[in-house]
Amino acid sequence: MRREMAGDKYCYRDVLPFAAMVSMECLNVGLNTLYKAATMKGMSEHVFVVYSYAVAALCLLPSPFFTPRGRALPPVNFSIVSKVCVLGLIGCTSQIMGYTGIGYSSPTLASAISNLVPAFTFILAIIFRMESVTFTSSSSQAKVLGAIVSISGAFLVTLYKGPRIISTPPPSSSSVPQLLISTSTTNSNWVLGGLFLTTEYILVPMWYIVQAQIMKEYPSELTVVFFYNLIVSILAGIVGLITEPDSSAWKLKPDIALVSIICSGIFGSFINNSVHTWVLRVKGPFFVAMFKPLSIAIAVTMGVIFLGDTLYLGSAIGAMIISIGFYTVMWGKAKEEMNGRRLDVESLGTPPSQKTPLLQQTTQNQTFVS
């Protein structure tokens, strides 16, 4: 029985979060690729954010009325509401920045710069005292050095394009569905897109940390994600009415834009955010951030095959540098946890000769009194 319980706990806390995060990274790249194809048809990123988050909020509408079985939730107070509002503001800004950046560049660049998330998460964790740094320790030195290397790689990807490594013409309509056909991306503003994407992935670690704090106070993923999606949709709607005053931009047609909105609303804003929130509660923000480098290989493959993207030398070298920095941070983190466990074992394993057994101590006291 105990072995079965231990196996279930291991599956819940280790295997399931790992599989979920790998699946979500694949899903994110696919949604970004679909969004890029939709923007080439003239869809506005502001309209996209409003509708996709509204779809997610509609799917999650019943969630506030159901309490998870066996879990007593605290009453919703001002602290929780204010943090959810801050979470919505961060999420709205990051999504608009991210989709604008993809529109100027490509999903491949977005995935490359997303490797910054672990480094920025580590820096913010230090600021909010979720991580400790001792500069005399090799593990802390590795974490700091890895964060600096990751940021340097992101700047290289953003500012240096370099010669083409892989260049393929956009797929023809006879071999690929019209849904995923793209036009040439030579007019895209690579640097401006990179700056927008870098801003997004500075805000994403802040989202992780605020969401982790909310989960400590109110551990109901679906309810929190519902209110988050609702707030993002409202905030994006206010911004969209200012930036897109033309009513024709808000009219949806049965084309790739509608498909992208529905898929992003259901699989992105709904499922993806819910899974991320659950993993944040189970494993913490740093675990979620460590899966971002996986997306670069997926994005390159999908971008070249479906969008006819060009792979440049700067993106390849920068992604390699970012990955090296990321795994340096991971090595430092793993060594730090190993050292912490060793100290715990040593503190529990004090030699018996340094302690007087309780029975012997009692006997000695009785002898002294008599």
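Everything below is about the structure shown above.
Residues numbered from 1 in each chain as written. Predicted model: local features only at pLDDT ≥ 70, side-chain atom pairs only at ≥ 80, totals over all residues. Heavy atoms only, no water.

A. Focus on the nonpolar core. Core analysis: the biggest nonpolar cluster contains 60 residues, and Val-49 and Tyr-208 have the highest contact counts within it. Of the residues forming this core, the biggest block, ten residues, is contributed by helix H7 (residues 190-217). With sequence-adjacent residues up to four places away left out, Tyr-208 is seen in contact with Val-117, Thr-121, His-276, Leu-280, Pro-285, Val-288, Ala-289 and Lys-292. Residues Phe-122, Ala-147, Phe-286 and Met-330 belong to the second largest nonpolar core, which totals seven residues. (Core = buried A, V, L, I, M, F, W, Y, C linked by side-chain atoms within 4.5 Å. Buried < 20%, exposed > 50% of the residue type's maximum accessible area, 1.4 Å probe, protein only. Helix = DSSP H or I, 4+ residues; strand = E, 2+ residues; numbered from the N terminus. Contact = heavy atoms within 4.5 Å.)

B. Representation of empty space enclosed by the protein. With the rule as written, the count across this model stands at two cavities of 30 Å³ or more. Taken as a whole, the largest cavity spans an internal volume of roughly 540 Å³. Forming the walls of the largest cavity are 30 residues, and the residues nearest its centre are Asn-28, Gln-95, Glu-200, Asn-272 and Lys-292. Residue assignment for the lining of the largest cavity shows that the elements contributing at least two residues are helix H1 (2-39), helix H2 (45-59), helix H3 (78-104), helix H4 (107-113), H7 and helix H9 (256-283). By residue class, the composition of the lining of the largest cavity is eleven nonpolar, 16 polar and three charged. (1 Å grid on protein atoms, 1.4 Å probe; cavity = no way out; pocket = protein on both sides within 12 Å on 5 of 7 lines; lining within 4 Å. Points joined across faces, edges and corners; volume = space filled by probe spheres on them. Nonpolar A, V, L, I, M, F, W, Y, C, P; charged D, E, K, R; others polar.)

C. Fine view of the packing of aromatic side chains. Counted according to the given criterion, the structure contains nine aromatic pairs. Considering the side-chain rings of Tyr-104 and Phe-196, the 5.9 Å spacing of their centres and the 5° angle between planes classify their relative orientation as stacked. Taken together, the residues Tyr-104 in helix H3 and Phe-196 in helix H7 connect sequence positions 92 residues apart. By relative accessible area, Tyr-104 is classed as partly exposed at 34%. Classification of Phe-196 as partly exposed rests on a relative accessible area of 22%. Note on Phe-226 and Phe-227: the rings are 5.0 Å apart at their centroids and 65° apart in plane angle, and the pair reads as edge-to-face. By relative accessible area, which is 37% here, Phe-227 ends up partly exposed. Clustering of aromatic rings is evident, with ring pairs tying together Tyr-53, Trp-207, Tyr-208 and Tyr-228. (Phe/Tyr/Trp six-rings, centres within 6.5 Å; stacked < 30°, edge-to-face > 60°.)

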